[in-house]
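One letter stands for each residue in the lines below.
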Amino acid sequence: MTTNAVWLKIDAERLVHALHQACENLNSAEREVALDFSFVRRIDPGALRAMEKLAGVADDKAVKVVLRGVNVDVYKVLKLVNLTPRFSFLA
Amino acid sequence: MTVLAKLEENKSMSENFSGPSEERIAYLEGLVGQARIAAAAFTQYTQEDVDRIVKAMVLAGLEQAQYLAELAIKETRLGVLEDKALKNMVATEFIYNYVKDKRTVGVIREFPERGLVEVAEPIGVIFSLTPITNPTSTVLFKCIMAIKTRNAVIFSPHPNAWHCCHEAVRIMYEAALKHGAPEGVFACLESHTLQDNAYLMHHKDVGLIDATGGPSAVKAAYSSGKPALGVGPGNTPVYLEKTADLDTAVVDIITSKTFDNGTICASEQTVVIDDEIYDLVLKNFADLGAHICNEKETKLLGRTVIDPETGFMQPMAVGQKATDIARMIGLSVKPNTKLLIAPIRGVGREHPLSVEKLFPVLSVYRAKSVDEALKVCVDVNHAGGLGHTAVIFSNNDEIIRKFGEMMNAGRIIVNSPGSVGALGGIYNDMVPTFSFGCGTGGGNSTTDNVNVYHYLNIKRMSRRTPAHMWLRIPNHIYFNLNAVENLRQFASRSTVIVTSSLLEQIGHVDIVRRYLPQQTRVHVEVIPDAEPEVKVVMQGVEALKLYKADQIIALGGGAVLDAAKIMKLKYESPEADLQELAAPFLDIRKRVVQFPTEKINPARLIAISTTSGTGSEVTPFAVLSDKERGRKVTLADYSLTPDVAIIDPQFVMSMPKGLTADTGIDCLTHAMEAAVSLYASPYSDPNAMQAIQLVFKYLPIAYEHPQNEEARCMMHNAACIAAIAFANVSVGVNHALAHAFGARFGVPHGRANGLMLPHVIAYNASVPSKFMPSPNQRGYGAHKKYAAIADMLGLGGDTVEEKVKNLVAATEQLLDQVAIPRSIAELGISKEEFERAMPDLVRSAFEDPSGRTNPRMTLMSEMVELFWSAYQGRGLAKVASAS
């Protein structure tokens, strides 16, 4: 089975915009999309809503979204809003 | 998630009430979802972030204090504009003053000496009900607390104070948002119903309900099953005692009761006044603008401002001026009347004005005595005011203290106004608040003035703190041949020598006498050379009293030395209860029963051991024989340690072979157990190791050649050195088993130890089925300690396992050399008899404190196995893998 993975670096300064863009670009043809969160130090309510939307779209299109390099503070926030089960995480 | 799914998710809620419409649920879910996201994002904020936001909010609140007061008055028609504005300022400025330097993010407090750090964890989403009586000030207060603690709040204001509260939330939210707070951190229900409240109270994403308001709101909060801060009504009794500063008291009470027209639930309700000052106090009230009701007027008030059906205050009177209330009920008062004062003769339904009245009507009661006054205050306190607030004006500290003991109130205000005093930070140093915890008496979870710490989960990070250790030994230890000569340096008027008849007969007592200063009067107390019984001890104590002894010389084996220790204890502290002092304990530093420290007959105890085994001359232990229960009772306390120990081998030269063997093996067991004790330390290890080395080298020689002076001397030293180790780190399960077995079957202690020793070494060297909790244990190391002993003895072996096996074998060989029986069976104890004794043996061994420091926790089932191994005998000990 082939896995098509797409890697996207997330711009921490324009987090919401970057997430919206990632959402729009989700393509059913790709099995997996990896978002590089290495530069994201803090996540605000707007970005969290964008993450919720992204998770919904990914579910609809059966695309696995992998978050890479999520720091523990952001990870805890995602945990608090029950978003962790909806993404995969890579160190 | 669909609305129906949400409903399903909150099943417990739907069982209890008919829920809101689907559309309404969608709205409520939106609020919770937004608050949840805000709270989650908020967890990333630093202390500096929240402090910056809080300051901005406080300034915004202060700026709008007057505006919000006007809104509140206009909407609720309760209270006094000026007071409402003042409350808004207190709720911002005073709260800020309290919280500004408080750490509420990350590490909030550190206790380095306890290895303890407190870390703040926000709650998340708080659902907050706010009252009609203090609407905007409560909102301001709760907003500041929430931001300071990184929580999100959904407000549900009282329906008759919605607009002003909504505006207060808006002002706080905008200021917070402008300075970086997460979007959605505050929300206010756009109108609300009881169903809305119930839905949110049961919502899984709401972490805490903070309900300030009437009894029904508080009850609903606590009934929800959620953690809740429910803060409800009061009924504040005031005792105006005759020693009080009356001018201050009267002004304070008027100030407080008329503040915001009495809407603060901590305000005074019934003032109980001492008979002697009653008339004067009422005159003072009247002079300052109070109307004193006559009997008819009091009855009229009671009928009108209190609902005769429910017994509670009428809402129409709440927060109204005294003159307006008077006008409403047709009472004629002066136009500047501040307060209506109604004398009452009791508390309860037949005295309607004895309940809470959130308006300027104050009951007064004339008390004939302090006792009567306190009783009436208790009655008022119990008539709806449990846990809330009580006030006393007095300069009699004893009465103030008694009042404090009698009142069930979270706030007991002394010589200051109730309402403004209870708010905290104005008249006293209590924590400023707008939410009064009423404890269990008021159905609340706290008696505190609710503050930021109630909006936090405080996590405690506790570092491992190694138990403090010690090395405690007698002040003087003299050793080697003729060490007894050192007795000369201890002055004494009256010395009692405690010894056995045998030692007197063979001249040992004469040797001791020879070295006592000439002026010393000497009495010899001869006791049986057996484990001391209470009767023997008490006879000895009588002798000590008779001869007014200031020095006791214990000359003998372990039994005599132990007897002398207990005699000294009872002589110095006659009230010492030996049974109580023998109570079990886990840690000597935390024991329940303490040994007496007061000594009415202080005496020096000099211990001269005539055997080389127990080491009792340097230990804090004494064993009593409890014949009734067929077991030994171990007393342990450092106050039992002799003051002087003399280790002179001349007293052991004539020890028979059997005693040499038994005591020598006892010494070896002490050292072996001290070496692997949970409390073993760098201070005890050298002693334990040295003693083991000496025993392996010199015990066979002393046994075979009793007159070998060097061997006797070294074994005598070994016993003392091993005892120095175990006196400080205790022994282990070997001793627990031996105590139980020896007492039951009358087997000498050392021999009983020897029967168990190889089996216990093998047992301790294997991987424990259960570890003994001990902060001093850094990994399991008993097997390594045994291997080190094997190395020291030159027993060979390449691995830890081999070395342990060699140590067991060498121990068995030593036991054989000194003719210790190979098995319990060899003692002539039948299998059946042993089996019958087993339950008692195990119970007794388990209760024995010796086992507490064993490196592995010995289960009762394992004790059974160990007993049976010892029954079957040596050569069977198996070393399990310890790696």
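This structure is a prediction, so every number in the text was calculated from the model and none was measured.

So, on to the overall build of chain B. A count of helical and extended segments in chain B gives 31 helices and 23 strands. Along the first, second and third principal axes, the C-alpha set of chain B runs to 115 × 70 × 50 Å. Looking at chain B as a whole, 55% of its 883 residues qualify as buried.

The helix and strand tally for chain A stands at three helices and four strands. Moving toward the C terminus, one meets the helices and strands of chain A in the order β-α-β-α-β-α-β. Expected size for 91 residues packed as a compact globule is a radius of gyration near 12 Å; at 12 Å, chain A falls within 12% of this value. Overall size of chain A, expressed as C-alpha extent along the three principal axes, is 35 × 25 × 25 Å. Across the 91 residues in chain A, those meeting the buried criterion constitute 26%.

Next up on the list: the domain arrangement of chain B. Taken domain by domain, chain B comprises domain 1 (3-231), domain 2 (236-435), domain 3 (473-651) and domain 4 (656-883). Each of domain 2 of chain B and domain 4 of chain B has a C-alpha centre, and these two points are 75 Å apart.

As a further point, take the sheet that holds strand E19 (residues 551-556) of chain B. Working definition: the strands of a sheet are paired by backbone hydrogen bonds and lie parallel or antiparallel to each other. Residues and elements named next belong to chain B. Here we have six strands laid out as an open sheet, ordered E16-E23-E20-E19-E17-E18, and parallel in their pairing. In this open sheet, the two strands that pair with only one neighbour each are strand E16 (476-479) and strand E18 (521-526). Each strand axis lies, on average, 15° off the axis of its neighbour in the sheet, ignoring direction. Relative to E18, strand E17 (residues 494-499) is paired through six bridges, and the arrangement is parallel. Among the inter-strand pairings, Thr499 is bridged to a residue of E18, identified as Val526.

Attention shifts here to the environment of Pro308(B). Relative to the helices and strands, Pro308(B) resides in the loop between helix H13 (295-305) and helix H14 (322-329). When the C-alpha atoms of Pro308(B) and Arg349(B) are compared, they prove to be 8.8 Å apart, with 41 residues separating the residues in sequence.

This part is about helix H3 (residues 72-80) of chain A. Along H3(A), the residues classified as buried are Val74(A), Val77(A), Leu78(A) and Leu80(A). One side of H3(A) carries all its buried residues, which in axial view fall inside an arc of 160°. Of the surrounding elements, those touching the buried residues of H3(A) are helix H3 (22-42) of chain B. Directly beyond the C-terminal end of H3(A), a positive phi value near 60° is found at Asn82(A).

Take the interface of chain B and chain A next. When the parts come together, some accessible area is lost, and that loss is often what is quoted as the size of the interface. Listed as interface residues are 10 residues of chain B and, on the opposing side, 12 residues of chain A. Along the lines of polarity and charge, the residues of the side of chain B that touches chain A split into five nonpolar, three polar and two charged.

Okay, unusual backbone geometry next. Residues and elements named next belong to chain B. A positive phi is found at Ser730, a non-glycine position, where the angle reads about 65°. By secondary structure assignment, the location of Ser730 is in the loop between helix H25 (709-729) and helix H26 (733-745). On the basis of neighbour count, Ser730 is assigned to the buried category, with 27 C-beta atoms found within 10 Å. The backbone phi angle of Ala819 is positive, close to 60°, even though this residue is not glycine. Structurally, Ala819 can be placed in the loop between helix H29 (800-817) and helix H30 (831-847).

A residue-level look at chain A finds 93% of positions with pLDDT of 70 or above and a mean pLDDT of 89. The least confident element of chain A, judged by mean pLDDT, is strand E1 (residues 5-9) of chain A at 70; the most confident is helix H2 (residues 45-61) of chain A at 96.

All names here are of chain B. The geometry of helix H23 (residues 657-676) relative to H25 is characterised by a closest axis approach of 8 Å and an angle of 35° between their N-to-C directions. As H23 runs across H25, the sense of the crossing is left-handed. Every residue of H25 that contacts H23 at Thr663, Gly664, Cys667, His670, Ala671, Glu673 and Ala674 is listed here: Met715, Ala718, Ala719, Ala722, Ala723, Ala725, Phe726 and Val729. Its residues placed into classes, the contact of H23 with H25 shows 11 nonpolar, three polar and one charged.

Take the nonpolar core next. General note: in soluble globular proteins, nonpolar side chains tend to be found buried as a group. All names here are of chain B. Formed by 176 residues in total, the largest nonpolar core has its most connected members in Met57, Cys143, Ile144, Ile154, Met172 and Val272. Split by domain, the residues of this core number at least three in each of domain 1 (3-231) and domain 2 (236-435). Each residue touching Ile154, except ones within four places of it in the same chain, is listed here: Leu31, Val32, Ala35, Val125, Phe127, Ser128, Ala187, Leu189 and Leu200. Residues Val484, Phe741, Val808 and Tyr871 belong to the second largest nonpolar core, which totals 131 residues.

This part takes up the sheet that holds strand E15 (residues 456-462) of chain B. Residue and element names in this part refer to chain B. A sheet is described by the order of its strands in space; here three strands give the open sequence E1-E2-E15, paired in antiparallel fashion. Each of the sheet's edge strands pairs with one partner strand only, and the pair in question is strand E1 (107-111) and E15. Ignoring strand direction, the axes of neighbouring strands in this sheet form an average angle of 20°.

Bringing the pairing of strand E20 (residues 604-609) of chain B into the picture now. Residue and element names in this part refer to chain B. Where burial is concerned, most of E20 is hidden: five out of the six residues are buried. Two strands pair when backbone bridges link them, and E20 and strand E23 (residues 644-647) are joined in this way by three bridges, in the parallel orientation. Looking across to E23, one finds that Ala607 is bridged to Ala645.

All names here are of chain B. Summarising the element assignment, Leu699 is placed in helix H24 (residues 685-704). Between the C-alpha atom of Leu699 and that of Thr663, which follows or precedes it by 36 residues, the distance is 9.8 Å. Not counting residues up to four positions away in its chain, the partners in contact with Leu699 are Gly664, Met715, Leu814 and Val818.

Residues and elements named next belong to chain B. Here strand E6 (residues 208-212) lies mainly inside the structure; five of its five residues are buried. Burial along E6 is two-sided: Leu208, Asp210 and Thr212 and Ile209 and Ala211, pointing in opposite directions, are all buried. Across four bridges, strand E3 (residues 125-130) lies against E6 in parallel orientation. Paired with Phe127 across the strands is Ile209, a residue of E6.

This paragraph deals with the environment of Ser501(B). With respect to the helices and strands, Ser501(B) occurs in helix H18 (residues 501-505). The sequence separation of Ser501(B) and Ile527(B) amounts to 26 residues, and the corresponding C-alpha distance is 7.1 Å.

This part covers H13(B). Residue and element names in this part refer to chain B. Residues of H13 that are buried include every one of Glu297, Thr298, Leu301, Gly302 and Val305, and no others. Taken end-on, H13 shows its buried residues confined to a sector of 140°, consistent with a single buried face. Among the exposed residues of H13, those oriented more than 90 degrees off its buried face are Glu295, Lys296 and Arg303. The secondary structure elements touched by the buried residues of H13 are H14, strand E11 (339-343) and strand E12 (361-367).

Right, let's get into the confidence of the model for chain B. Residues and elements named next belong to chain B. Confidence along chain B averages 93 in pLDDT terms, with 96% of residues attaining 70 or more. Scored below 50 in pLDDT, residues 877-883 shows 26 contacts in the model against residues more than four places distant or in partner chains. Predicted complex metrics record ipTM = 0.86 and pTM = 0.83.

About the cut-offs
Residues numbered from 1 in each chain as written. Chains lettered and ligands numbered in written order. Predicted model: local features only at pLDDT ≥ 70, side-chain atom pairs only at ≥ 80, totals over all residues. Helix = DSSP H or I, 4+ residues; strand = E, 2+ residues; numbered from the N terminus. Buried ≥ 20, exposed ≤ 12 C-beta atoms within 10 Å, placed from the backbone. Rg over C-alpha atoms; globule rule 2.2 N^0.38 Å. Domains from an automatic or database assignment. Pairing = 2+ DSSP bridges. Axes fitted to C-alpha atoms, helices over the stretch in contact; angles between N-to-C directions. Arc of directions from axis to C-beta. Contact = placed C-beta atoms within 7 Å. Nonpolar A, V, L, I, M, F, W, Y, C, P; charged D, E, K, R; others polar. pLDDT = per-residue confidence, 0-100. Left-handed = near helix turned anticlockwise from the far one by under 90°. Core = buried A, V, L, I, M, F, W, Y, C linked by C-beta atoms within 7 Å.

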